[in-house]
Amino acid sequence: MFEHILVPVDGSATAQLAVDKAIGLAKAFASRVTVIYVIDPYPFTGVGTDFAYGQAEYLSAAMAEANHAIHQAKEAFLVAGVVADSSIIEAHTAWRGIVEAGVSLQTDLIVMGSHGRNALEKLVLGSVAQAVLSHTKLPVLVVRDH
């Protein structure tokens, strides 16, 4: 039913719950899996040498965080006996990177986490998950923390 599952990660516990759910689905349907991490290459604007230094420092930290999150997810898939491809994607917003990856990689399901940090936020989906749901034609399984 699901030949190729897209799993966006961000290093959070909720993303790990989504990885766990995707493992079960991938095993049940013998699906291919691609894990992605979206980096915004220009999260702030500025001028001068301070901006350039800050930008380089940010990108270095973001790449390290992305590599760590992808490694954790791929390790979980590997332990479960599921082979997962991975990619770090640059996009100006996380949701746009996820939606565009779903199309370009020809996936047929997105499995992602949604964050609920406090009582009010637990009533609604996280902004990234909500935007993905609003902008993709693909089925999306949103995994929430309890």
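Details of the structure are given in the entry above.
Residues numbered from 1 in each chain as written. Predicted model: local features only at pLDDT ≥ 70, side-chain atom pairs only at ≥ 80, totals over all residues. Heavy atoms only, no water.

Some points on the environment of Leu133
Moving on, step 1. In this fold, Leu133 is placed in helix 4 (residues 127–135).
Moving on, step 2. Distance in space between the C-alpha atoms of Leu133 and Trp95 is 9.0 Å, their sequence separation being 38 residues. (Helix = DSSP H or I, 4+ residues; strand = E, 2+ residues; numbered from the N terminus.)

Here we look at the sheet that holds strand 4 (residues 109–114)
Moving on, step 1. Pairing is parallel in the open sheet, where five strands are placed in the order 3-2-1-4-5. Strand pairing shows two members of the sheet lacking a second neighbour, strand 3 (84–90) and strand 5 (140–144), which therefore form its edges. The average undirected angle you get between the axes of adjacent strands in this sheet is 25 degrees.
Moving on, step 2. Sheet topology note: the strand 2 (residues 32–39)/strand 3 ladder contains seven bridges and is parallel. Residue Val38 lies in a different strand from strand 3, and its bridge partner there is Ile89.
Moving on, step 3. Packed on one face of the sheet, helix 1 (residues 13–29) meets strand 1 (4–8), strand 2, strand 4 and strand 5 and runs near 150 degrees to strand 4.
Moving on, step 4. Contacts from helix 4 reach strand 4 and strand 5 within the one sheet, and its direction differs from that of strand 4 by about 155 degrees. (Pairing = 2+ DSSP bridges. Axes fitted to C-alpha atoms, helices over the stretch in contact; angles between N-to-C directions. Contact = heavy atoms within 4.5 Å.)

Describing the nonpolar core
Generally speaking, a soluble globular protein has its nonpolar side chains buried in company with each other.
Moving on, step 1. By size, the foremost hydrophobic cluster in this structure holds 27 residues, and its most contacted members are Ile5, Val9, Val33 and Phe77.
Moving on, step 2. Elements represented by at least two residues in this core include exactly strand 1, helix 1, strand 2, helix 2 (48–79) and strand 4.
Moving on, step 3. Every residue in contact with Ile5, bar those within four places of it in the chain, is listed here: Ala22, Leu25, Ala26, Ser31, Arg32, Val33, Thr34, Thr107, Leu109 and Val111.
Moving on, step 4. Residues Ile36, Trp95, Met112 and Ala129 belong to the second largest nonpolar core, which totals 14 residues. (Core = buried A, V, L, I, M, F, W, Y, C linked by side-chain atoms within 4.5 Å. Buried < 20%, exposed > 50% of the residue type's maximum accessible area, 1.4 Å probe, protein only.)

Re helix 4
Moving on, step 1. Those residues of helix 4 that fall on the buried side of the exposure criterion are Ala129, Ala131 and Val132. Take helix 4 and look down its axis: the buried residues cluster within an arc of 165 degrees, on one side only. Opposite its buried face, helix 4 presents the exposed residues Ser127 and Ser134, each directed more than 90 degrees away.
Moving on, step 2. On its buried side, helix 4 packs onto helix 3 (94–104), strand 4 and strand 5. (Arc of directions from axis to C-beta.)

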